[in-house]
There are 2 protein chains.
Amino acid sequence: MSVKKIKPVPSDLEIAQAAEVQPILEIAESIGIAKDDIILYGPYKGKVKLDAIKHAPAGKKAKYIDVTAITPTPLGEGKSTTTVGLTEGLGYLGKKAACAIRQPSMGPTFGIKGGAAGGGYSQVVPMEDFNLHLTGDLHAITAAHNLTAAAIDARIYHESRWSDSFLEKQGLTRLNIDPDNVSWRRVVDINDRSLRNIIIGMGEKADGVLRETGFDITVASEIMAILALASDLKDMRERIGRMIVAYNKKGEPITAEDIGTAGAMTVLMKDAIMPNLMQTLEGQPAFVHAGPFANIAHGNSSIIADKVASGYVDYLVTESGFGADIGMEKFFNIKCRNSGMIPDAVVLVATVRALKMHGGGPKVTPGRDLDPVYKEENLELVEKGCDNLMAHIKNARRFGIPVVVAINTFPTDTPAEQEIVRKKAVEAGAFDAVIANHWADGGEGAADLAEAVIKACEEPSNFKYLYDLEKSIKDKIEVLAKEMYGADGVEYSAEANRKIKQFTDLGYGDLPICMAKTHLSLSHDPVLKGAPKGFTFPITDIRLSAGAGFLYPLAGDVRTMPGLGTKPAYMSIDIDPDTGKVTGLF
Amino acid sequence: MSVKKIKPVPSDLEIAQAAEVQPILEIAESIGIAKDDIILYGPYKGKVKLDAIKHAPAGKKAKYIDVTAITPTPLGEGKSTTTVGLTEGLGYLGKKAACAIRQPSMGPTFGIKGGAAGGGYSQVVPMEDFNLHLTGDLHAITAAHNLTAAAIDARIYHESRWSDSFLEKQGLTRLNIDPDNVSWRRVVDINDRSLRNIIIGMGEKADGVLRETGFDITVASEIMAILALASDLKDMRERIGRMIVAYNKKGEPITAEDIGTAGAMTVLMKDAIMPNLMQTLEGQPAFVHAGPFANIAHGNSSIIADKVASGYVDYLVTESGFGADIGMEKFFNIKCRNSGMIPDAVVLVATVRALKMHGGGPKVTPGRDLDPVYKEENLELVEKGCDNLMAHIKNARRFGIPVVVAINTFPTDTPAEQEIVRKKAVEAGAFDAVIANHWADGGEGAADLAEAVIKACEEPSNFKYLYDLEKSIKDKIEVLAKEMYGADGVEYSAEANRKIKQFTDLGYGDLPICMAKTHLSLSHDPVLKGAPKGFTFPITDIRLSAGAGFLYPLAGDVRTMPGLGTKPAYMSIDIDPDTGKVTGLF
């Protein structure tokens, strides 16, 4: 694909719509994926059959790179853009590279954040497909999830009407679901605050049993986490069956298998299990697959996509959600542990803007103008803020993997500011720290970063997990709190203690930990910037995703359903009815 | 496609999975649709670009046939099967034929009814795609619909927080939505009785404003009706903008355009507007597009699909929902009026089983064994029941179109029973009445029917609507009640009278009428079988679909959200994890 770069850089949508997108079969062919292993969804996107894993050249295994970030501002520091840009940069250097990224929820697309296809000249295209339905995987999750929700309430309703003997005649055993202990909520892929807490089953007797519940956003569904962690159809079927959806009146777990929807849900997910193939603006393959929440789930794209891609390219760049304390940690301890794939390097994205915030700069609020301090040189704030960068580098080094810091350039950055970041990074043990300008210059702007990453991947890897699964739940939590977040210790609520005992007794004590905490601080408190010390890490509750296969302790409030702002993005989105061109998507 | 017919006839899924499905590009080519006008969604289904309408051979216009039915039992009388079978029958006779049918909701697929791809050797394939996600059109409707629902509640919430001047600074004018008068509900494509009546906005202040609302099934969304009636993207954009979603505190309508989601909804629907191309078991093209409810909406597949198909084949067979008193009437008075397409013949499906019920046979209940009377010869019940058949024939004749009765054969029918039906049909003015056995024998079994239809299409057409739009709302309702349903007169509730005045004052008096009444009787009362007389037709309420462009009076309770039974279909649906083969779908 030939991309003519324009300055000043146009809007993401303008760049994406001006791109000459290649037929996706050509993209597949460029890395040797057979035409027969692609299911086309129009000319520019397709699904890759799982058979492609078997069909890959023997012995091929890509260098495996995770892109993560320092603790971000609420604006984000360009992690997706860097993931795409680095892939383009590797391509620019003549390497066979691909990226594997998450599919975004449509909630933020129509809310405030805009799309998630990268930005500037580091985007995945076609951008409209990426940000809207793509091939329907999220819709499949919504449908599967809500089928089970309807099934649970239908079961409660029918068991309230029928005798044991009538149920038996139907081949059913009474489940005795406790209406006050149904953990399975409903989902919708939109920011709908009014659905967070609802009462269902109002009206007449035939309109169901009254109870309180609510909706989460689709990407918070456990099915999404399963899609991201499953190794194949069989594994997905089994995980779906294992999901705990409610408890009976004795407090015993009831699974999706018990409800009788596990098969139907898997049928609904049978196409979604195949990774989606798209492309970067510069023609590298982009595998887009799964997008689990990074707090109550592990926030990484799918294992299956990585397995496919890894067999066909030399460098596979993937991204983990939020900052390195959350996304990268879960990438290693949960995703890599499930897949058995061993990463070769970590790219840690840092911006001068975020470091200034960590150094004590004023609050950064989406939708408001940035304080001038973020647009003028301020070496002191940057230097102070590097505490956060250095903590993340040290965290990444604990896993035995070389770290390359990518300084994602903004036009307002000064060379002196960037030099501080570079120096501090190397001081903290980074393999290298490189200025990257892929947003404005695409692959050419990420060439230095790509070179550093190539060198880092040649380093010997001493990859290790941060904890053994055999440790107790509390021991595992304490490793994370102390080693990753810098806490002095952990305190547990009575509810958390009760649940830890319950889950241990039920045999779930050896699952990995998927911490649900704020991404706006290394600690549990979004106000604490830099590298906080001297705090106790509070666990208010702990929950179980038995199908996905992790426990998720909650450190404070966790939102699983965002809200829409006063003037959301949808107000400017429209279509030209004559040309069919989308306008206002960003 | 070569289909080897097995006796006894295997299950629908077994037949469908054994079929050698042709690449959809070959199906398109067989009727002259250019490859470039097809967007593939895998090898066996695709979307047809709207440009195909322009690219059709000049002057080509298919004979246009509507398949409808007598008043059915709750089991259905094989209308979809006959639609597919007749298409295969026309193909068997060497004619270039296609069918245009509705996409089913997944609610019934996982509930009790099973799939809707026809049955036996008259099916649309691949059956799993047809009954599950297809190309995501229903998911797009769900997403678009719920975006607007979230937007309405977000607007109510934010207007409750902000001053006029703050809103103005955001470029917003206060809409003053009345929380007790929001007509826009939410939708989900599943049978979920517990969502019929809910309270949202519980929790804290930031969790939205408390109010009562509910969910309908997706196919009941006005967006679905719009998809079925729109002529092109521009028309769809305008109709979506015109939808009334709420009223302000003065009682004035608020549209989707006012809420600011009309553009974004159209963007979500930009792929859904393209008809889906599939195939019958015998290789005729099957256009599958839109599936609006047949009570609160008009229950016909899309105008766009018919316009595309009509330019490429000689015979286009389509289907209208429920019995002829509802689906066919709306097909003529709403769909054809919108499209300007003039039908050439009506096929009225009748079964001996349903006629026995109309003649006084015992109640037919889904999921229960049929009474023996339906399996043994009973000429008296059949003869008495023919009143219903004859009323429908006369109704169809009012539109000036020849009627062919298709007697959809069951193995338990006797020749004497079928002969009564034949005789009565011709007596009532049918052009012909033919025994059809397409379920067991595919196109060959529908050859006689196809021949009769070909002859009927050569008859001169005197097509006319049943009423002029300029008539008053009450006059239009009365025409339907007296001429179609056989009522003596109409009585209106106070609420209906109030609404009729309101809609007339607002300028909506000249819209067509889309009656929401039971399909289980010609009257408003499902218990009244045969051809009821001497009743007054009650209008309890009347509602407006300003975007779709019709008024829908309610004659009694209308369910817009089905429920799941005690042992729903999903319990037997599963997937073979080794082969990926779906099992238990029916």
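Rules used throughout
- Residues numbered from 1 in each chain as written.
- Chains lettered and ligands numbered in written order.
- Predicted model: local features only at pLDDT ≥ 70, side-chain atom pairs only at ≥ 80, totals over all residues.
- Heavy atoms only, no water.
- UniProt positions renumbered as here; feature names shortened; annotations may be inferred.
- Pairing = 2+ DSSP bridges.
- Helix = DSSP H or I, 4+ residues; strand = E, 2+ residues; numbered from the N terminus.
- Axes fitted to C-alpha atoms, helices over the stretch in contact; angles between N-to-C directions.
- Contact = heavy atoms within 4.5 Å.
- Salt bridge = Lys/Arg side-chain N within 4 Å of Asp/Glu carboxyl O.
- Polar contact = N/O pair within 3.5 Å; in protein donor to acceptor, adjacent residues only side chain to side chain.
- Nonpolar A, V, L, I, M, F, W, Y, C, P; charged D, E, K, R; others polar.
- Buried < 20%, exposed > 50% of the residue type's maximum accessible area, 1.4 Å probe, protein only.
- Domains from an automatic or database assignment.
- Buried area = accessible area lost by both parts, 1.4 Å probe.

Chain A appears in an unreviewed UniProt entry as Formate--tetrahydrofolate ligase from Spirochaeta isovalerica. Annotation of chain A in UniProt includes, under Sequence similarities (unreviewed entry), the sentence "Belongs to the formate--tetrahydrofolate ligase family."

**Q** For this particular structure, what's the right way to read the sheet that holds strand β12 (residues 244–248) of chain B?
**A** Strand pairs in the sheet, formed through backbone hydrogen bonds, run parallel or antiparallel to each other. Residues and elements named next belong to chain B. As summarised here, the arrangement of the three strands in space is β7-β12-β13, forming an open sheet in which the pairing is antiparallel. Of all the strands in the sheet, just β7 (177–182) and β13 (253–255) have a single pairing partner and so form its edges. Each adjacent strand pair in this sheet contributes to an overall mean axis angle of 50°, direction not counted. Pairing of β7 with β12 involves two bridges; the strand directions are antiparallel. Note on β12: the bridge partner recorded for Ile177 is Asn248.

**Q** Would you take a moment to explain the interface of chain A and chain B for this structure?
**A** How large an interface is tends to be reported as the accessible area lost when its parts come together. Taken residue by residue, the interface counts 78 residues in chain A and 78 residues in chain B. At the junction of chain A and chain B, the tally comes to eight salt bridges. Its salt-bridge partner being Arg237 of chain A, residue Asp574 of chain B comes within 2.9 Å of it at the nearest N-O pair. Taken together, the connections running from chain A to chain B amount to 33 residue pairs in polar contact (both at pLDDT 80 or more). By residue number, the principal contributor to the side of chain A that touches chain B is helix α7 (residues 137–161) of chain A, which donates 13 residues. Partitioned by chemical class, the residues of the side of chain A that touches chain B number 40 nonpolar, 20 polar and 18 charged.

**Q** Would you mind showing me how to read the UniProt feature "binding site: ATP" (unreviewed entry) in chain A here?
**A** Residue and element names in this part refer to chain A. Within this structure's numbering, the places UniProt gives as "binding site: ATP" (unreviewed entry) are Thr73, Pro74, Leu75, Gly76, Glu77, Gly78, Lys79 and Ser80. Looking at the secondary structure, you find Lys79 in helix α4 (residues 79–92). Here Lys79 falls in the buried class, since its relative accessible area comes to 12%. Sequence-distant contacts of Lys79, defined by excluding residues within four places in its chain, comprise Val67, Thr68, Ala69, Arg102, Glu319, Ser320, Gly321, Phe322 and Val349.

**Q** What is the right way to look at the domain arrangement of chain A in this model?
**A** Residues and elements named next belong to chain A. Each assigned domain of chain A is listed with its residue range as follows: domain 1 (12–132 + 272–457), domain 2 (137–266) and domain 3 (473–555). Contact with domain 2, which involves 11 residues of that partner, is made by 11 residues of domain 3. Interface area, domain 2 with domain 3, both sides summed: about 710 Å², of which 57% is carbon and sulfur. The largest per-residue losses of area from domain 2 upon contact with domain 3 belong to Glu222, Ile244 and Tyr247, which jointly make up 47% of the total buried on that side. Between domain 2 and domain 3 we count zero salt bridges in total. At the boundary of domain 2 with domain 3, the tally comes to four residue pairs in polar contact (both at pLDDT 80 or more). Going through the elements one at a time, α9 (222–229), α10 (233–242) and β11 (244–247) are the ones with two or more residues in the side of domain 2 that touches domain 3. Among the elements that line the side of domain 2 that touches domain 3, the one with the most residues is α9, at four residues. Per-class residue counts for the side of domain 2 that touches domain 3 are seven nonpolar, one polar and three charged.

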